[in-house]
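One letter stands for each residue in the lines below.
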Amino acid sequence: MSLYAGLKKLVITSTALAILTTANTVFASEPLRLCAIYPHLKDSYWLSVNYGMVEEAKKQSVDLRVLEAGGYMNVTKQQQQLSLCVRWDADAIILGTVAPLLYDDSLKHYTRDIPVFATVNKLLLDEENQSLLKGEVGVDWYWMGYYAGEYLQQKHPKGSGVANIAFLPGPKSSGGTNPVLKGFYTAIEDSDIRIVDTYWADNDKELQRNLVQEAIENEQVDYIVGSAVAIEAAISELRTAGKTDKIGLVSTYLSHGVYRGLLRSRVDFAPTDKMVKQGRLSIQQAVSYLKGEEYDFAVTPNIEQLTPKTLNDKVIRESLSPSEYRPTFYVYSENN
């Protein structure tokens with residue numbers, strides 16, 4: 001090889017190395033893109049999850065896009081939203097599924113090879129699709145129902161006298177409804193609690209308000225137990241009907257309205273699975289995975305049991321978004 005040829009090869013090699021180095025630097029500086037999908041944003045539960053994700057995305061300097069299906073019945077819409085995340089070139093998808101078994105044998109069809117992280121709602125997958133699931137954050141909602149039932153069981157043990165309940169658990173297809181029912185039924189087995197009516201509807205304020213109005217027409221009802229949306233509606237409906245002191249309210253999860261009810265002793269009990277914290281944890285999982293850092297595959301916050309006498313500021317901050325917060329659908333990193 002001539003000296004000229006050797007120098008030419010060196011220059012070309014150095015140039016190629018410089019281009020490669022520059023490309024890697026640009027790539028490394030690009031923010032991670034996370035796509036989060038919720039069943040809905042109709043109540044402050046998922047609003048609080050959204051707040052936690054948004055705050056953590058800002059802290060981690062990543063891009064976040066949020067989509068919501070508009071309700072647990074909107075199966076097709078959520079499936080289409082997974083495809084939107086793919087077309088957006090998401091590095092990871094954080095999925096709050098509308099039904100645990102919906103993607104059992106089809107997750108890869110919608111997400112291709114993009115890593116998926118389950119948030120709040122359990123995501124059940126067959127062996128082939130399980131490889132896509134890289135983490136999960138959430139609690140077993142059996143215990144949310146169980147603690148609500150246990151509270152009533154302790155107030156009305158067997159032999160103490162019958163207490164009648166109208167149950168408004170939400171939509172039948174909801175990811176958490178069935179576990180809540182199982183937990184509640186188990187907890188009240190050895191008690192004088194009797195469920196006299198069960199009313200089903202999506203967690204829509206007007207739908208739940210209509211059910212509450214129907215439930216309180218029964219003069220034998222001592223408690224309304226149900227979703228936070230139902231309990232929020234019940235607070236105002238009981239006041240209007242002059243039955244605030246006649247019917248107790250027990251929520252199966254926490255919301256801003258339920259929290260205000262606890263503060264004013266209008267709500268007797270509500271468990272919280274710390275929604276803000278769950279949103280933060282899901283972002284942390286996805287970022288750790290994409291950066292090749294160690295993380296726990298399954299993260300479960302402690303469920304806290306709240307009554308008017310056991311409210312805790314730290315628990316509330318980990319549970320509820322600020323009162324002035326509104327849904328946020330995009331977070332752009334300052335690196336853009």
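Bear in mind the structure is a predicted one, so any value in this text is a computation, not a measurement.

Caption draft 1: Structural detail: the overall build of the protein chain. A tally of helices and strands in the protein chain yields twelve helices and 13 strands. Counting only residues that meet the buried cut, the protein chain has 52% of its 336 residues in that class. Sequence-distant contacts in the protein chain: of pairs separated by 6 or more residues, those separated by 24 or more amount to 72%. In the form shown here, the protein chain has an accessible surface area of approximately 16000 Å², with 50% of it arising from carbon and sulfur atoms.

Caption draft 2: Summary view of the state of the cysteines. Considering all chains together, one arrives at one disulfide under this definition. The residue that forms a disulfide with Cys35 is Cys85, at a sulfur-sulfur distance of 2.1 Å. Disulfide Cys35 to Cys85: torsion about the S-S bond roughly -65°, handedness left-handed. You can see Cys35 sitting in strand β1 (residues 33–38) and its partner Cys85 sitting in helix α3 (residues 75–87), a full 50 residues away along the chain. The exposure class of Cys85 is buried, given its relative accessible area of 0%.

Caption draft 3: The arrangement of the packing of helix α6 (residues 141–155) against helix α7 (residues 177–187) in detail. Two elements in contact, α6 and α7, have axes separated by 6 Å at closest approach and are oriented at 30°. As the angle between them shows, α6 and α7 are arranged roughly parallel. Judged by the sense of rotation from one axis to the other, the crossing of α6 with α7 is right-handed. Counted together, Trp141, Tyr142, Gly145, Tyr146, Ala148, Gly149, Glu150, Leu152 and Gln153 of α6 and Pro179, Val180, Lys182, Gly183, Phe184, Thr186 and Ala187 of α7 form the full contact between these two elements. A breakdown of the residues in the contact of α6 with α7 according to their chemical character gives nine nonpolar, five polar and two charged.

Caption draft 4: Quick peek at the packing of aromatic side chains. With the rule as written, the count across this model stands at 18 aromatic pairs. Residues Tyr45 and Tyr253 carry aromatic rings whose centres are separated by 5.5 Å and whose planes lie at 85° to one another, so their mutual orientation is edge-to-face. Of this pair, Tyr45 sits in helix α2 (residues 44–60) while Tyr253 is found in the loop between β9 (248–251) and α10 (256–263), placing the two residues 208 residues apart along the sequence. Accessibility expressed as a relative area gives 3% for Tyr45, which makes it buried. The class of Tyr253 is buried, set by a relative accessible area of 6%. An angle of 50° between the planes, with centres 4.9 Å apart, marks the rings of Phe167 and Phe184 as tilted. Highlighted residues: Phe167 in strand β6 (residues 163–170) and Phe184 in helix α7, separated in sequence by 17 residues.

Caption draft 5: Broad picture of helix α9 (residues 228–241). With 14 residues, α9 extends 20 Å between its outermost C-alpha atoms, agreeing within 8% with the 20 Å of an ideal straight helix rising 1.5 Å per residue. The element α9 is largely enclosed, with a buried count of ten among its 14 residues. Among the residues of α9, those classed as buried are Ala228, Val229, Ala230, Ile231, Ala233, Ala234, Ile235, Ser236, Glu237 and Leu238. Check the buried side of α9 and you find it contacts β6, α8 (205–215), β8 (223–226), β9 and α10. Of the residues trailing α9, Gly242 is marked for its positive phi of about 70°.

Caption draft 6: Just the nonpolar core, in detail. The biggest cluster of nonpolar side chains holds 87 residues, and the ones touching the most others in it are Leu64, Ile224 and Leu254. Looking at which domains feed residues into this core, each of domain 1 (33–139 + 274–302 + 322–331) and domain 2 (141–272) supplies at least three. Those residues in contact with Leu254 that sit more than four places away from it in its chain are Tyr45, Ala228, Tyr259, Leu262, Ala270, Pro271, Thr272, Met275, Leu306, Ile316, Ser319 and Leu320. Residues Tyr151, Leu152, Phe184 and Ile188 belong to the second largest nonpolar core, which totals 14 residues.

Caption draft 7: Inspection of a positive patch on the surface at higher detail. A cluster of like positive charges, contributed by Lys205, Arg239, Arg260, Arg264 and Arg266, occupies part of the molecular surface. By the secondary structure assignment, Arg260 is in helix α10.

Cut-offs used in this document
- Residues numbered from 1 in each chain as written.
- Predicted model: local features only at pLDDT ≥ 70, side-chain atom pairs only at ≥ 80, totals over all residues.
- Heavy atoms only, no water.
- Helix = DSSP H or I, 4+ residues; strand = E, 2+ residues; numbered from the N terminus.
- Buried < 20%, exposed > 50% of the residue type's maximum accessible area, 1.4 Å probe, protein only.
- Contact = heavy atoms within 4.5 Å.
- Areas by Shrake-Rupley, 256 points an atom, 1.4 Å probe, with all protein chains shown as cover.
- Disulfide = S-S within 2.5 Å.
- Axes fitted to C-alpha atoms, helices over the stretch in contact; angles between N-to-C directions.
- Parallel < 35°, antiparallel > 145°, perpendicular 65-115°, else oblique.
- Left-handed = near helix turned anticlockwise from the far one by under 90°.
- Nonpolar A, V, L, I, M, F, W, Y, C, P; charged D, E, K, R; others polar.
- Phe/Tyr/Trp six-rings, centres within 6.5 Å; stacked < 30°, edge-to-face > 60°.
- Expected span 1.5 Å × (residues − 1).
- Core = buried A, V, L, I, M, F, W, Y, C linked by side-chain atoms within 4.5 Å.
- Domains from an automatic or database assignment.
- Patch = residues over 30% accessible without salt bridge, like charges linked within 9 Å, V, L, I, M, F, W, Y side chains within 5 Å.
- Salt bridge = Lys/Arg side-chain N within 4 Å of Asp/Glu carboxyl O.
- Lys, Arg positive; Asp, Glu negative; His and termini not counted.
- Charge placed at Lys NZ, Arg CZ, Asp CG, Glu CD.

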